[in-house]
Amino acid sequence: MALAVGMRVLTRSLLRPWVRGPGATPGRTGPVAGGGDCVRCFGSPRVLVEPDPAAGFAVMKMRNPPVNSLSLEFLTEMLISLEKLESDKAFHAIIITSDCPGIFSAGLDLKEMCGRDPTHYAEYWKAVQELWLRFYLSHLVVISAINGVSPAGGCLLALSSDYRVLADNPKYAIGLNETLLGIVAPFWFKDTLVNTVGHRVAERALQLGLLFPPAEALRVGMVDQVVPEDQVQSAARSVLAQWLAIPGHARQLTKTLMRKPTADRLLKERDADIQNFVRFISRDAIQKALRTYLEKLKQKKS
Ligand SMILES: CCC/C=C/C(=O)SCCNC(=O)CCNC(=O)[C@H](O)C(C)(C)COP(=O)([O-])OP(=O)([O-])OC[C@H]1O[C@@H](n2cnc3c(N)ncnc32)[C@H](O)[C@@H]1OP(=O)([O-])[O-]
């Protein structure tokens, strides 16, 4: 209960443009992959941060089981962790990865977009915008170590990184599959994809809702590297060395030069984009399509 109230407060501060909110719990001791305890780890219930300040980076592990769906609380916690790392001069890079086996992220949380009221949809959408803006424009080097499937919003998160390493498992498909759900990827999802794979590939992928298996994802440029599953984390660390060897100010300004025009399009129309989303998602036909899709996911299990 206390957590829910606390998260609501954090969410409120998040939804002001971005307030330096209360940080996550520093110095938390937690188990780390490979055994042992991580004395410097910090984070929150859904995000574990394993910092390596000497090496200048931290690993951000998403752990919102079963599928790392991007709920409002999860988005809020990710933003708080990012904020904390960005404001600490010891860190120049992050690696985003998943703690849920076989799933990077199932994308936006369908339950946040189904059967709720317009105020909730507006609050949720603002948080989704914020996540994208903050990760896309982060002055940190952001590498995605994609160790599972990543549809829709999960793909968007990966596309917001500077570099993507994908585990070579045919089940780990990546793409913006919104049309398969009967919904439409907003213009800034589309822009992010176009900036990554080019107009023609994006046009086809978006209309058909394509989810690319690793070899295809590499071929079209949706990811930068495909490696054996047990090497995803080490490959992400190796590539980081190349990015960190570049003078930080020059790399950051170049990133801004490349990405700011895309982000500005949303920043200029942020409120209109929220209103569009609320109108769109509230439509009976869209609600029905989402309910049917959620039902299908349930039936698949039984
Ligand atoms: C305009 C808006 C733009 C939209 C962007 C988006 O991102 S739209 C999002 C587009 N995303 C997609 O299209 C991905 C949809 N998801 C999938 O395709 C599969 O879940 C999977 C391949 C990710 C994992 O397969 P798997 O066999 O390992 O797992 P499983 O299938 O058995 O699911 C376990 C539980 O998680 C639940 N749940 C799952 N996803 C979501 C979700 N996004 N949200 C909430 N809940 C979700 C599922 O219902 C089930 O709940 P239950 O019954 O236990 O109460």
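First, a word on what this report is: a plain description of the structure on this page. Please read all numbers here as calculations on a predicted model, not as lab measurements.

## Quick notes on helix H3 (residues 118–136)
And then number 1: Look at H3: 27 Å from first C-alpha to last across 19 residues, which is about the 27 Å you get at 1.5 Å a residue.
And then number 2: Where H3 begins, the side chain of Asp117 points an oxygen toward the backbone nitrogen of Thr119, at a separation of 3.0 Å.

## Description of the side chain of Arg251
And then number 1: Tracing the backbone shows Arg251 in helix H9 (residues 248–268).
And then number 2: No salt bridge is formed by the buried Arg251, whose closest oppositely charged neighbour, Asp162, lies at an N-O distance of 4.7 Å.
And then number 3: Within the local environment of Arg251, its side chain forms a polar contact with the backbone oxygen of His139, the two atoms lying 2.7 Å apart.
And then number 4: Residues within four places of Arg251 in sequence aside, it is in contact with His139, Leu140, Val141, Trp243 and Ile246.

## What to know about the layout of surface pockets
And then number 1: Looking at the largest pocket, its volume works out to about 1200 Å³.
And then number 2: Lining the largest pocket are 39 residues, and of these Ala106, Leu108, Leu110, Leu181 and Tyr293 lie nearest its centre.
And then number 3: Residue assignment for the lining of the largest pocket shows that the elements contributing at least two residues are strand E9 (148–151), helix H5 (187–197), helix H10 (270–282) and helix H11 (284–301).
And then number 4: Residue composition of the lining of the largest pocket, by class: 26 nonpolar, 5 polar and 8 charged.
And then number 5: By volume, the second largest pocket amounts to about 350 Å³.
And then number 6: What lines the second largest pocket is a set of 16 residues, among which Ser161, Asp162, Trp243, Met258 and Arg259 lie closest to the centre.
And then number 7: Elements with a minimum of two residues in the lining of the second largest pocket: H5 and H9.
And then number 8: No other element matches H9, which puts 5 residues into the lining of the second largest pocket.
And then number 9: Among the residues forming the lining of the second largest pocket, the class breakdown is 4 nonpolar, 6 polar and 6 charged.

Scoring rules and cut-offs
- Residues numbered from 1 in each chain as written.
- Predicted model: local features only at pLDDT ≥ 70, side-chain atom pairs only at ≥ 80, totals over all residues.
- Heavy atoms only, no water.
- Helix = DSSP H or I, 4+ residues; strand = E, 2+ residues; numbered from the N terminus.
- Expected span 1.5 Å × (residues − 1).
- Polar contact = N/O pair within 3.5 Å; in protein donor to acceptor, adjacent residues only side chain to side chain.
- Buried < 20%, exposed > 50% of the residue type's maximum accessible area, 1.4 Å probe, protein only.
- Lys, Arg positive; Asp, Glu negative; His and termini not counted.
- Salt bridge = Lys/Arg side-chain N within 4 Å of Asp/Glu carboxyl O.
- Contact = heavy atoms within 4.5 Å.
- 1 Å grid on protein atoms, 1.4 Å probe; cavity = no way out; pocket = protein on both sides within 12 Å on 5 of 7 lines; lining within 4 Å.
- Points joined across faces, edges and corners; volume = space filled by probe spheres on them.
- Nonpolar A, V, L, I, M, F, W, Y, C, P; charged D, E, K, R; others polar.

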